[in-house]
Amino acid sequence: MNIISTQYTLKYKSLEIVLSGCSGNHCSGCHSPETWDFNVGTDYRKLISKILKKIDESSNLIDWIWVYGGEPLDNNINDLEDLLYELRAKKKPIMLFTRYSIDDVPQEIKELCDYIKCGAYKKELTVDDNIQYGVKLATKNQKIYKKTLDNQWV
């Protein structure tokens, strides 16, 4: 599994990790086709220590850790689980962005996330008013699920 980039977004105070790879069921009007190729970027194992250090050094500026791509769930699930496990140690809420439904997210991935944004980007469903947990979503079919204390997703 490769990481294309990391970035910080001041608006959400989020450290964002962009993974490469999308299996081919691309969202209509995808805004990042450059992330489709699984071979783009650097192996996550070579970058994880730098990312963890970045989180430590900027902890007071980071409210969220976002993981998206490409499509994170099209990557090797064991690698994704390993990355999320490492990030989990930093005690920041983790949000995974996926086109899949919440029922299609593997349980081991759900256990390592606090929020999961589900739903494919569909250009024809673009809206300006789909705001959930302070995050503006691009289309009306997208939803952010939050894990409750009893590990349910609402």
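Residues numbered from 1 in each chain as written. Predicted model: local features only at pLDDT ≥ 70, side-chain atom pairs only at ≥ 80, totals over all residues. Heavy atoms only, no water.

Asker: For this particular structure, what's the right way to read the overall build of the protein?
Answerer: Within the protein one finds three helices and nine strands. Secondary structure of the protein in N-to-C order comes out as β-β-β-α-β-α-β-α-β-β-β-β. A globule of 154 residues ought to have a C-alpha radius of gyration of about 15 Å, and the protein, at 15 Å, matches this closely. Along the longest, intermediate and shortest principal axes, the C-alpha atoms of the protein span 40 × 35 × 30 Å. Per-residue burial over the protein gives 45% buried out of 154 residues. Within the protein, counting contacts between residues at least 6 apart in sequence, those at least 24 apart form 58% of the total. (Helix = DSSP H or I, 4+ residues; strand = E, 2+ residues; numbered from the N terminus. Rg over C-alpha atoms; globule rule 2.2 N^0.38 Å. Buried < 20%, exposed > 50% of the residue type's maximum accessible area, 1.4 Å probe, protein only. Contact = heavy atoms within 4.5 Å.)

Asker: Would you mind going over the packing of aromatic side chains with me for this structure?
Answerer: To describe a pair of aromatic rings, you give the distance between the ring centres and the angle between the ring planes. With the rule as written, the count across this model stands at six aromatic pairs. Relative to Phe97, the ring of Trp66 lies with its centre 5.1 Å away and its plane at 55 degrees, an arrangement referred to as tilted. Placement of the pair is Trp66 in strand β4 (residues 64–69) and Phe97 in strand β5 (residues 94–97), with a sequence separation of 31 residues. Here Trp66 matches Phe97 in class, with each residue buried. (Phe/Tyr/Trp six-rings, centres within 6.5 Å; stacked < 30°, edge-to-face > 60°.)

Asker: Just to check I follow, could you spell out the pattern of salt bridges for this structure?
Answerer: Side chains carrying opposite charge are able to pair once their charged atoms draw close together. A full pass over the atoms with the stated rule returns nine salt bridges. When salt bridges with common partners are traced through the structure, they connect Asp43, Arg45 and Asp79 into a single cluster. (Salt bridge = Lys/Arg side-chain N within 4 Å of Asp/Glu carboxyl O.)

Asker: In this structure, what is going on with the side chain of Lys117? I would like to understand it.
Answerer: Structurally, Lys117 is set in strand β6 (residues 115–118). Buried charge Lys117 goes without a salt bridge, the closest partner of opposite sign being Glu71 at 7.0 Å. Of note is the side chain of Lys117, whose polar atom sits 2.8 Å from the backbone oxygen of Gly119. Beyond its immediate stretch of four places on either side in the chain, Lys117 contacts Met95, Leu96, Phe97, Thr98, Leu137, Gln142, Lys143 and Ile144. (Lys, Arg positive; Asp, Glu negative; His and termini not counted. Polar contact = N/O pair within 3.5 Å; in protein donor to acceptor, adjacent residues only side chain to side chain.)

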